[in-house]
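In case you want the letters, here they are:
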Amino acid sequence: MIKVLESLTADLRKRIFVSPGVEIIKKVHWHPETKSYTSGAYRPIAQWRMINEREADELLAQQVQCLGTLVVPFEFKTGFIARFQQLGLLGVPGSRSVMDERLKLFSKTLLPELKSDLESYLVEPFVLQSAAIGSTQPGHPSTTFDASQRMFRGLHIDNWCKPEASLRDRNVGAVRIIMNFGTEARDISFIPLSLREMEAALRTTDAPVDEMASRSNLSRFIETFLETFPTCPVYHIEQYPGEGCIIPVCNVVHDGLPLYKCHEDTNVQLSCQDFALSTSFKRKFM
């Protein structure tokens, strides 16, 4: 079970919702000869309800264990948001060049101080692999757009962890910090199952588990699971501006969900191969 650390206020329980399963827009088309496939599109069924007390107790963890099996919400200084907006970084960029210029400006001005601040209370000093500013128009079913297929991917898993390895040897330290720099709450969707739990479930079927799990790219494995178990519950957490989430994106099925919003979904994403929660942060919950 992927645990969510209850590191904010008690009203976090009132901002977690659950969907009864996954809606499959387009199924995987696998080519056995070329070993390639066209990815499907998977999004939560739009029948959300607030989680009950039992579900909250199962989902929320009071102790910090491992970032590879936790979704960890946290708060950051809202002063960063004001400066972000003053620099003109808010909103969906009109072109790739504008997006690149915004990231360059952010990396030069705010990023060093933001990284230092996170290292002062949340995570141990880390080597940044990449930084990005994510922006998606409201009303879309996903924040993950696949340009090669010209479609939103929806629920998915990332495959950028190093070293490239099979499911059982995947680096659990490859995680991403995602921070809400927008003007309204943003929704983060995820399925509260580990890769090992999904593997065990698929082994009860005729799916070619060993072949899929041996690859460093686990997209086909994840999509086979979603197609085989479409009634697996999907959760989403509402996070206000000034709140962030540490997500093991290479080990957890996840996505952003701007479908019900009025303004652009704007977030900052910091990626690292070996994130670790700081000792001072962990002491608060142990």
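Computed from a predicted model, the values in this text were never measured in an experiment. (Residues numbered from 1 in each chain as written. Predicted model: local features only at pLDDT ≥ 70, side-chain atom pairs only at ≥ 80, totals over all residues. Heavy atoms only, no water.)

**Let's talk about the nonpolar core**
Note that soluble globular proteins tend to have their nonpolar side chains buried in a common cluster.
Here comes step 1: Core analysis: the biggest nonpolar cluster contains 29 residues, and Phe106, Leu118, Val123, Ile177, Phe181 and Ile246 have the highest contact counts within it.
Here comes step 2: Residue assignment for this core shows that the elements contributing at least two residues are β9 (70-75), α2 (79-86), α4 (111-121), β10 (130-136), β13 (175-180) and β18 (265-272).
Here comes step 3: Excluding residues within four positions of it along the chain, Val123 makes contact with Leu118, Ile177, Ile246, Phe275, Ala276, Leu277 and Ser278.
Here comes step 4: Within the second largest apolar cluster, 24 residues are counted, among which are Leu155, Leu167, Met198 and Ile222. (Core = buried A, V, L, I, M, F, W, Y, C linked by side-chain atoms within 4.5 Å. Buried < 20%, exposed > 50% of the residue type's maximum accessible area, 1.4 Å probe, protein only. Helix = DSSP H or I, 4+ residues; strand = E, 2+ residues; numbered from the N terminus. Contact = heavy atoms within 4.5 Å.)

**Quick notes on the confidence of the model for the protein**
Here comes step 1: Model confidence for the protein is summarised by a mean pLDDT of 84, while 84% of its residues fall at 70 or above.
Here comes step 2: Mean pLDDT in the protein bottoms out at strand β5 (residues 36-38), which sits at 54, and peaks at α4, which reaches 95. (pLDDT = per-residue confidence, 0-100.)

**Quick word on the environment of Asp187**
Here comes step 1: You can see Asp187 is positioned in strand β14 (residues 186-190).
Here comes step 2: Taking C-alpha positions, Asp187 is 6.3 Å from Gln239, a pair spaced 52 residues apart along the chain.
Here comes step 3: In contact with Asp187, other than residues within four places in its own chain, are His236, Ile237, Glu238, Asp255, Gly256, Leu257, Tyr260 and Lys261.

**Brief notes about helix α7 (residues 219-228)**
Spacing of three or four residues puts side chains on the same side of an α-helix, whose turn is 3.6 residues.
Here comes step 1: Of all 10 residues making up α7, 8 are buried, and the element is well covered by its neighbours.
Here comes step 2: All of the buried residues in α7 are Ser219, Arg220, Phe221, Ile222, Glu223, Thr224, Phe225 and Leu226.

**Describing the sheet that holds β14**
Here comes step 1: Spatial strand order, β7-β2-β15-β14-β17: 5 strands in an open sheet with antiparallel pairing. A single partner strand is all that each edge strand has here, and the edge strands are β7 (49-50) and β17 (254-256).
Here comes step 2: Where strand β2 (residues 16-19) and β7 come together, 2 bridges link them in antiparallel fashion. Within the sheet, the bridge partner assigned to Val18 lies in β7 and is Arg49. (Pairing = 2+ DSSP bridges.)

**Quick look at the side chain of Glu55**
Here comes step 1: Within the element layout of this structure, Glu55 appears in helix α1 (residues 53-59).
Here comes step 2: By relative accessible area, Glu55 is classed as buried at 7%.
Here comes step 3: Within polar-contact distance, the side chain of Glu55 engages the side chain of Arg49 at 2.6 Å. (Polar contact = N/O pair within 3.5 Å; in protein donor to acceptor, adjacent residues only side chain to side chain.)

**Digging into unusual backbone geometry**
Here comes step 1: In the segment running from Lys162 into Pro163, the intervening peptide bond is cis, with an omega of -10°.
Here comes step 2: Mapped onto the elements, Pro163 comes out in the loop between β12 (151-152) and β13.

**Focus: the pairing of β14**
Here comes step 1: Counting buried positions along β14 yields 5 of 5 residues, so the element is predominantly enclosed.
Here comes step 2: Neither face of β14 is exposed, since Arg186, Ile188 and Phe190 on one face and Asp187 and Ser189 on the opposite face are all buried.
Here comes step 3: As paired elements, β14 and strand β15 (residues 234-239) share 5 bridges and run antiparallel to each other. Of the residues in β15, the one forming a bridge with Arg186 is Gln239.
Here comes step 4: With 3 bridges joining them, β14 and β17 adopt antiparallel strand pairing. Bridged to Phe190 within β17 is His254.

**Overview of the packing of helix α3 (residues 96-109) against α4**
Here comes step 1: Where α3 contacts α4, the axes come no closer than 4 Å and their chain directions differ by 55°. In terms of orientation, α3 and α4 fall into the oblique class. Residue-level inspection shows Phe106, Ser107, Lys108 and Thr109 of α3 in contact with α4, the latter providing Leu111, Pro112 and Leu114.
Here comes step 2: Class assignment of the residues belonging to the contact of α3 with α4 gives a composition of 4 nonpolar, 2 polar and 1 charged. (Axes fitted to C-alpha atoms, helices over the stretch in contact; angles between N-to-C directions. Parallel < 35°, antiparallel > 145°, perpendicular 65-115°, else oblique. Nonpolar A, V, L, I, M, F, W, Y, C, P; charged D, E, K, R; others polar.)

**Side note on the pattern of salt bridges**
Here comes step 1: Counted under the stated rule, the structure contains 15 salt bridges.
Here comes step 2: Among the salt bridges present, the one from Glu243 reaches Arg15, with a minimum N-O distance of 2.9 Å. With Glu243 in strand β16 (residues 243-247) and Arg15 in the loop between β1 (3-5) and β2, the pair connects residues that are 228 residues apart, well separated along the chain.
Here comes step 3: For the salt bridge of Arg43 with Glu23, the shortest nitrogen-to-oxygen distance reads 3.2 Å. Taken as a pair, Arg43 in strand β6 (residues 41-44) and Glu23 in strand β3 (residues 22-26) lie far apart in primary sequence, 20 residues in all.
Here comes step 4: Using a relative accessible area of 33% as the deciding quantity, one classes Glu23 as partly exposed. (Salt bridge = Lys/Arg side-chain N within 4 Å of Asp/Glu carboxyl O.)

**Some details on the packing of aromatic side chains**
Any aromatic ring pair is given by two values, namely how distant the centres are and how the planes are angled relative to each other.
Here comes step 1: Summed over the entire model, instances satisfying the criterion amount to 6 aromatic pairs.
Here comes step 2: Ring geometry for Phe84 and Phe106: centres 6.2 Å apart, planes at 75°, overall edge-to-face. Linking Phe84 in helix α2 with Phe106 in helix α3, this pair joins segments that are 22 residues apart in sequence.
Here comes step 3: Taking relative accessible area as the criterion, Phe106 reaches 0% and is therefore assigned buried.
Here comes step 4: Ring geometry for Phe84 against Phe181: centres 4.8 Å apart, planes inclined by 50°, an arrangement best described as tilted. Taken together, the residues Phe84 in helix α2 and Phe181 in the loop between β13 and β14 connect sequence positions 97 residues apart. (Phe/Tyr/Trp six-rings, centres within 6.5 Å; stacked < 30°, edge-to-face > 60°.)

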